[in-house]
Amino acid sequence: MATPLVAVEHRTEPQDERTALTKEAFQRDFFNNLFYILGKFPTLATKNDYYQALAFVVRDRMLQRWISTAAAYTKQGSRTVAYFSAEFLMGPHLGNNLVNLGIHDEVRKAVTELGLDFNELLLEEDEPGLGNGGLGRLAACFIESLATLQIPSLGYGIRYEFGIFHQEIVDGWQTERTDKWLRFGNPWEIPRPEWAVHVKLGGYTEPYRDEFYRHRVRWVPDRLVAAVPYDTPILGYHTNTANTLRLWKAEAPESFDFAVFNRGDYYGAVMQKVSSENLSKVLYPNDEQLQGKELRLSQQYFFVSASLQDMFRILKIQKIPVERFHEKFAAQLNDTHPAIAVAELMRLLIDENVVPWEQAWDITRRTFAYTNHTLLPEALECWPLPLFAKLLPRHLEIIFEINARFLDEVRIRFYGDEERIARMSLIDERGERYVRMAHLACVGSHAINGVAELHSELLKQDVLRDFYELWPTRFGNKTNGVTPRRWMALSNPRLTKLVSSHIGDEWITDLSQLRRLEPLAEDAGFRQQWLDVKRACKCDFAAVALKKTGITIDPDSLFDVQVKRIHEYKRQHLNILHVVALYHRLRSNPNVDITPRTFIFGGKAAPGYHIAKLIIKLITSVGDVVNRDPAVRDRLKVVFLPNFNVKNGQRIYPAADLSEQVSTAGKEASGTGNMKFSMNGALTIGTMDGANIEIREEVGAENFFLFGLTTPEVGALKASGYNPANYLDGELKEVVELIRSGFFSRGDAELFRPLIDGLVHHDPYLVFADFDSYSKAQQQVSAAYQDRDHWARMSILNSARSGKFSSDRTIREYCDDIWKAPAVPIRLLTQEDVKV
Ligand code: F58
């Protein structure tokens, strides 16, 4: 008798031989896959072979959902969200797919029974790290929530051959290694070469008359690149929906090589192929800082053009006229990286489909909406005009025309205000000329949003003020969120079990239900269970830390964690200065009573960002001294966990007691790590920045350690002429002197000089100005942690009140306010249904 694996009501689908949900079927298919797909038998099989055999078992059980979903959308011509993003930081698929299919625990048992270590197999997956940080991870959370909410949607992006680099720490310094995530193949994707499209680049334009004697413009490119879609199914949690992430790979178009081949230039033809493939070769690893690189603009145009062409193909299949493009699709621009889509859709409508300008413009504006993710001026994308003209000559013409019409509107509305016109122009003409992508995105969109309340306000008051004054109703806020499936159910099974045993499991799709934990904060038994879960997660992490760094950490110490990209505005240096202050206190008075702490850092620095790399070196150097100094008696430890990525994040967030969210007020657009920590019961020490403000509002000021200047105070201090040297006294002075003296660099007083001098003389992110306030807040943290029972109460309340920060809530708001996209429930088809 076959043992049914799952006994939950949501699995009502007809099962066939190949996708049966019994333990026997799983085990049989697992070995079949090893044999027939991987060509291995157990004696020769590697762990990765076993991982892949398991991945194919799971994929088989996703395909019915995927096909049924595609069939339903095609048949119904459903309104579809197209999420355009240059980055999707998906993280490993296997565990998440098991959770969303509702077969995680059962498959674990089936695999364990075969004598294999299930967790080890999960760790074998090379994660698709196709993003830098917050922006790319947000896109991943969003497409998962879209599927869970049963919203028809497509994620469009780039299938980078090399994702974000792999970070190693060598002698305390970051070193980068290429991320060969496709080395062993990728069981989750299906290539669809039959839907490949051509993307043009370079060349020139010319006017002509068509067969109806109409004025048209022809773009004669000097290069063609083939864009091949690779599709990955994105499952909703306990639903039948499986949406698609469609990532484009660049290839050489066969036909275009012929000319070169025929001339006998075999080498030239092969080189052309190589140069085409370069387009999707590697993700740019710069976070928040962009250089005007031609390849980067080519990448952006490449995926945007391919995606829009794909959407026209879909319209055609569904027999929807191009004039109804905006009724079929709502396209979201994830920052300005895909903003060239505004000009490309215009080109496709006007040049290729002969739609008149006014109508094309109406369709375009109704299609797009734009999300801004940054307040840093250096991160706003601007492309040098000559580069733009060379690569996209037709688009530049279209942008000029959009600009001329747009500035006419501004001129009438703000009569005589020539300065405003120069400020708002799509072209920056103050010196070298640039195309301003944020302006293009604003002009071409019907909705513009920031990613947290404060950020959206600052956009209106500051960065996009002129646009707000022109079109106030287009501006809104959509506070970020994260998916509780990956960031709780999958990554923190212990907490999930504890929570569900008290309030049931509906919280997984309705996170506001976590509020029902509130009364349990007053239940001593529950508090103890809560602390037990946290301690077990800390022990797990301690084992990881030992394995990866050789450092032993004490699970009973306070785990104080800052994991995120390394950037001056995020102020990892504020944190490490405080560590040095504690060390200094301890050395000055060995018997001082301090709360034992483990400081955990993780994050990548952009490879060319020297100060960020020096901050990493300072952290590891302080760690080298502090961790080995017997006078510390293990009361302080500093760990830099290398290669912070999604996989590592899943082990860190559950283990944290304290979440460091210490950016200069007004700089962090939202933050999303802050939400993952709070959900998993960490308390936050943070500034009034980004979503911290909303987290504090939700969890209560008494359950949050606030410090630092507010955004207006930051502005006032800077306006009054900030001099960091004025703050250099007392403990801060001693800390700075200790670093400056070479104490942490074996007497080398030069090593940290650029960092220290930068702080003393410039300190653009007000580290010194906030140090005292930070240090005092940290003292409150230490005192609070002494009362473990009260800490447990605060921890429970943090989690209980984190419901707002589910990406399901965020996506519902986008759907209601911007996309107007209703849910489409999927009925599963049998193989019989889809036979012709
Ligand atoms: C981040 N931006 C914000 N950009 O910094 C963060 O506050 C926010 O929570 C998150 O977006 C999601 O809204 C961010 O991650 C990038 O990584 C870009 C990558 C491409 C180059 C420019 C930066």
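This is a predicted model, so every value here is computed, not measured. The numbers attached to residues start from 1 for each chain and follow its sequence in the written order. Local features in this predicted model are restricted to residues of pLDDT 70 or higher, and side-chain atom pairs are both shown and tallied only at a pLDDT of 80 or more, whereas totals for entire chains, interfaces and linings draw on every residue. Note that the side-chain values use all heavy atoms of the structure and ignore hydrogens as well as water.

Visitor: What is the right way to read the packing of aromatic side chains from this model?
Guide: Geometry of an aromatic ring pair is reported as the spacing of the ring centres plus the angle between the planes. Two aromatic rings from Phe, Tyr or Trp, using only the six-membered ring of Trp, form a pair when their centres are within 6.5 Å; if the ring planes differ by under 30 degrees the pair is stacked, by over 60 it is edge-to-face, and anything between is tilted. A complete count under the given rule lists 29 aromatic pairs for this structure. When the centroid spacing of 5.8 Å and the interplanar angle of 80° are considered together, the rings of Tyr 83 and Phe 142 count as edge-to-face. Of this pair, Tyr 83 sits in strand β1 (residues 80-84) while Phe 142 sits in helix α6 (residues 134-148), placing them 59 residues apart in sequence. Each member of the pair, Tyr 83 together with Phe 142, is buried. Numbering of helices and strands runs from the N terminus; a helix is a DSSP stretch of H or I covering at least four residues, while a strand is a stretch of E covering at least two. Three exposure classes are used, based on accessible area relative to the maximum for each residue type with a 1.4 Å probe and protein chains only: buried under 20%, partly exposed in between, and exposed over 50%.

Visitor: What exactly am I supposed to notice about helix α9 (residues 294-317) here?
Guide: Structurally, the α-helix is built with 3.6 residues per turn, so residues lying three or four positions apart point the same way. Multiplying 1.5 Å by the helix residue count minus one yields the expected span of that helix. With 24 residues, α9 extends 35 Å from end C-alpha to end C-alpha; this agrees with the ideal 34 Å at 1.5 Å per step. With 19 of 24 residues buried, α9 lies mostly within the body of the structure. Among the residues trailing α9, Lys 319 stands out with phi positive, at a value near 55°.

Visitor: Just checking my understanding: could you explain the packing of helix α12 (residues 357-367) against helix α14 (residues 393-413) for this structure?
Guide: Axes are the key here: two packed helices are described by the angle between their axes and the distance separating the axes. Between α12 and α14, the shortest axis-to-axis distance is 13 Å and the interhelical angle comes to 85°. Between α12 and α14, the crossing angle belongs to the class labelled roughly perpendicular. Contacts between α12 and α14 pair Trp 357, Glu 358, Trp 361 and Arg 365 from the former with Ile 398, Glu 401, Ile 402, Arg 405 and Glu 409 from the latter. Taken together, the residues of the contact of α12 with α14 sort by class into 4 nonpolar, no polar and 5 charged. Lines fitted to C-alpha atoms define the axes here, with helix axes fitted over just the stretch in contact, and angles between the N-to-C directions of these axes take values from 0 to 180 degrees. The cut-offs work like this: below 35 degrees is roughly parallel, past 145 is roughly antiparallel, 65 to 115 is roughly perpendicular, and the gaps in between are oblique. Contacts between residues were defined by any pair of non-hydrogen atoms, one from each residue, lying within 4.5 Å. Classes in brief: Ala, Val, Leu, Ile, Met, Phe, Trp, Tyr, Cys and Pro nonpolar; Asp, Glu, Lys and Arg charged; the others, Gly included, polar.

Visitor: Explain helix α29 (residues 753-761) here, please?
Guide: Turning to α29, its buried residues are Leu 755, Ile 756, Asp 757, Leu 759 and Val 760. Packing partners of the buried residues in α29 comprise α22 (572-588), α23 (610-628), α28 (730-740) and α30 (767-786). Positive backbone phi, approximately 45°, marks Asp 763, located one or two places after α29.

Visitor: Explain a nonpolar patch on the surface here, please?
Guide: Like charges are joined within 9 Å and nonpolar side chains (Val, Leu, Ile, Met, Phe, Trp, Tyr) within 5 Å, but only among residues with over 30% relative accessible area and no salt bridge; these make up the patches. Computed by Shrake-Rupley with a 1.4 Å probe, the accessible areas treat only the displayed protein chains as cover when residues are assessed. Salt bridge, as applied in this entry: a Lys or Arg side-chain nitrogen positioned within 4 Å of an Asp or Glu carboxyl oxygen. Taken together, Tyr 266, Tyr 267, Val 270, Met 271 and Val 274 make up a surface patch of nonpolar side chains, about 510 Å² in accessible area. Structurally, the position occupied by Val 270 is in helix α8 (residues 266-277).

Visitor: Hey, could you run me through the packing of helix α11 (residues 341-352) against α14 in this one?
Guide: For the pair α11 and α14, interaxial distance at closest approach is 9 Å and the crossing angle is 100°. Considering the angle they form, α11 stands roughly perpendicular to α14. Of the residues in α14, those touching α11 at Val 342, Ala 343, Glu 344, Met 346, Arg 347 and Asp 351 are Arg 394, His 395, Ile 398, Ile 399 and Ile 402. A class-by-class count of the residues in the contact of α11 with α14 yields 6 nonpolar, 1 polar and 4 charged.

Visitor: Where do I start with the sheet that holds strand β15 (residues 382-384) in this structure?
Guide: Neighbouring strands of a sheet are bound in pairs by backbone hydrogen bonds; such pairs are parallel or else antiparallel. Pairing is antiparallel across the open sheet formed by 3 strands, whose spatial order is β15-β17-β16. Each having just a single partner strand, β15 and β16 (427-428) make up the two edges of the open sheet. Any two strands with at least two DSSP-identified bridges between them are counted as paired.

Visitor: Would you mind going over the domain arrangement of the protein chain with me for this structure?
Guide: One widely used convention gives an interface's size as the accessible area the parts lose upon coming together. Looking at the protein chain, the domain boundaries give domain 1 (1-76 + 93-126), domain 2 (77-91 + 127-445) and domain 3 (542-804). A domain assignment, automatic or from a database, supplies the domain bounds used here. Put simply, the middle of domain 1 and the middle of domain 3, counted by C-alpha atoms, are 41 Å apart.

Visitor: Which parts of the structure should I look at to understand the side chain of Ser 670?
Guide: Summarising the element assignment, Ser 670 is placed in the loop between β23 (658-661) and α25 (673-679). Not counting chain neighbours up to four residues away, the residues in contact with Ser 670 comprise Val 451, Ala 452, Asn 480, Met 675, Gly 690, Ala 691 and Asn 692.

Visitor: Just checking my understanding: could you explain the pairing of strand β13 (residues 329-334) for this structure?
Guide: In summary, the side chains of a regular strand alternate between the two faces of the sheet. Burial within β13 is extensive, with 6 of its 6 residues counted as buried. Summarising the sheet, β1 and β13 pair through 5 bridges and their orientation is parallel. Along β13, the bridge assignment pairs Val 81 with Ala 330. Bridge count for β13 against strand β14 (residues 368-371) is 4 bridges, and the pairing is parallel. Paired with Ala 331 across the bridge in β14 is Phe 368.

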